[in-house]
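So the chains spell out like this:
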Amino acid sequence: MEASYELWRELMLAGEDIGFFKEFFVRFYQAFIYNDRWLQYLEGAGTTILTTAMALCVGIILGVLVAMIRTSHDQQRIGHKNPVLGFVNAICKIYVTVIRGTPMMVQLLIMGLVIFKSSRNFTVVGALTLGINSGAYVSEIIRGGLMNLDAGQSEAGRSLGLGYVDTMAYIVIPQAFKAILPALGNEFIILLKDTSLIAMIGGKELLHAAQNIYGRTYEFMYPLIGIACMYLVMVMIFSWLQGKLERRLRQSER
């Protein structure tokens, strides 16, 4: 196979017409097989999944925390406003406004080239930035789910002697989770695809692998289409898992 590649490649470089299938084989071979280049794609995919998982954890933690603070503030009774909660709520609103109002690329460049300019761990910096960005959107998704839930659910928990935290943990959040799951799944898919942006600060994920390869072969189409297909497969797998979870949750309601 390698001998055929070398022969047909030499003919291509000499300007010979070797036919569509031979030319396809040469370009495919040099993009994915030559010098075990497929290992670079696998390594990039592993970094992409790791970055997504790290960013997802940061985003969920931040999102839940901010949503709980803002919901607690909005649900205070008139005349019983907590000034400390009001101050923290104002900080959360500024965080959400700034993150949602600035481009992800700009945030990555600020984190990678300004705040953490001395760090060489670009994957962690990228994951942290993506997590902070995702947290703002997750908080609004969760807050919307909590605010739309019937207030009687919280009152029922209080009437049973449960505190605010227990009421939220055992009654409100489980019910809200079913309603916001599709939106959370969509946010995760966006997060997975946005990991390609960390290549701009040196992160070694899928796009970085493709850039390394087409920088050597000067053939852009096959590496880029290859990673596009890999992203598509990962998104389809996650969408399938999300669908299974949604069906299981619907069955538990019956």
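Everything here concerns the structure above.
Residues numbered from 1 in each chain as written. Predicted model: local features only at pLDDT ≥ 70, side-chain atom pairs only at ≥ 80, totals over all residues. Heavy atoms only, no water.

Chemist: Explain the overall build of the chain to me, please; I cannot follow it from the model alone.
Modeler: When its secondary structure is counted, the chain shows ten helices and zero strands. Ordered by position from N to C terminus, the α and β elements of the chain give α-α-α-α-α-α-α-α-α-α. In terms of overall dimensions, the chain is more spread out than a globule: its C-alpha atoms have a radius of gyration of 24 Å, far above the 18 Å expected for 254 residues. With respect to the three principal axes, the spread of C-alpha positions in the chain is 85 × 50 × 25 Å. Within the chain, contacts between residues separated by at least 24 positions form 70% of all contacts whose residues are at least 6 apart in sequence. If you sum the accessible surface of the chain, you get close to 14800 Å²; carbon and sulfur atoms cover 65% of it. (Helix = DSSP H or I, 4+ residues; strand = E, 2+ residues; numbered from the N terminus. Rg over C-alpha atoms; globule rule 2.2 N^0.38 Å. Contact = heavy atoms within 4.5 Å. Areas by Shrake-Rupley, 256 points an atom, 1.4 Å probe, with all protein chains shown as cover.)

Chemist: Mind showing me how you'd approach the packing of helix 3 (residues 38-74) against helix 4 (residues 83-101) here?
Modeler: When two helices pack together, their arrangement is given by the angle between the helix axes and by the axis-to-axis distance. Across the interface, helix 3 lies against helix 4 with an axial gap of 9 Å and an inter-helix angle of 130°. Between helix 3 and helix 4, the crossing angle belongs to the class labelled oblique. In the crossing of helix 3 with helix 4, the sense of the turn from one axis to the other is left-handed. In contact with L62, V66, I69, R70, S72 and H73 of helix 3, helix 4 contributes L85, G86, V88, N89, C92, K93, Y95 and V96. Of the residues assigned to the contact of helix 3 with helix 4, the class counts are eight nonpolar, four polar and two charged. (Axes fitted to C-alpha atoms, helices over the stretch in contact; angles between N-to-C directions. Parallel < 35°, antiparallel > 145°, perpendicular 65-115°, else oblique. Left-handed = near helix turned anticlockwise from the far one by under 90°. Nonpolar A, V, L, I, M, F, W, Y, C, P; charged D, E, K, R; others polar.)

Chemist: What's the story with the side chain of Q107 in this structure? I'm lost.
Modeler: Structurally, Q107 can be placed in helix 5 (residues 104-115). Leave out the neighbours within four places in its chain, and Q107 touches V98, I99, T102, T129 and N133.

Chemist: Looking at this structure, I do not really get the packing of helix 3 against helix 9 (residues 206-217). What am I missing?
Modeler: Relative to each other, helix 3 and helix 9 sit at 155°, their axes nearing to 7 Å. Between helix 3 and helix 9, the crossing angle belongs to the class labelled roughly antiparallel. Only L206, A209, N212, I213 and R216 of helix 9 make contact with helix 3, whose side of the interface consists of Q40, Y41, G44, A45 and T48.

Chemist: Please explain the state of the cysteines as it appears in this structure.
Modeler: Cysteine pairs can be linked by a disulfide, which is a covalent bond between their two sulfur atoms. Across all of its chains, the model carries zero disulfides by this definition. Left without a disulfide partner, C92 is nearest to the cysteine sulfur of C57, which lies 20 Å away. We classify C92 as buried; its relative accessible area is 8%. (Disulfide = S-S within 2.5 Å. Buried < 20%, exposed > 50% of the residue type's maximum accessible area, 1.4 Å probe, protein only.)

Chemist: Help me understand helix 9, please; the structure alone is not making it clear to me.
Modeler: For the α-helix, the turn length of 3.6 residues means that residues three or four positions removed from each other point alike. Between its terminal C-alpha atoms helix 9 stretches 17 Å, which fits the 16 Å expected from twelve residues at 1.5 Å a residue. At the C-terminal side of helix 9, Y218 shows a positive phi close to 60°. (Expected span 1.5 Å × (residues − 1).)

Chemist: I tried to follow the packing of aromatic side chains on my own but got confused; where do I start?
Modeler: In this description, a pair of aromatic rings is defined by centroid distance and the angle of the planes. Tallied over the entire structure, the rule returns nine aromatic pairs. Aromatic pair F188 and F238: ring centres 4.1 Å apart, planes at 40°, arrangement tilted. Of this pair, F188 sits in helix 8 (residues 164-194) while F238 sits in helix 10 (residues 221-252), placing them 50 residues apart in sequence. Of the residues examined, F188 reaches a relative accessible area of 15% and is grouped as buried. Ring geometry for Y214 versus F220: centroids 4.7 Å apart, planes at 45°, classification tilted. We classify F220 as partly exposed; its relative accessible area is 47%. Three or more aromatic residues joined by ring pairs form one cluster here, namely F20, F21, F24, F28, F32, Y41 and Y222. (Phe/Tyr/Trp six-rings, centres within 6.5 Å; stacked < 30°, edge-to-face > 60°.)

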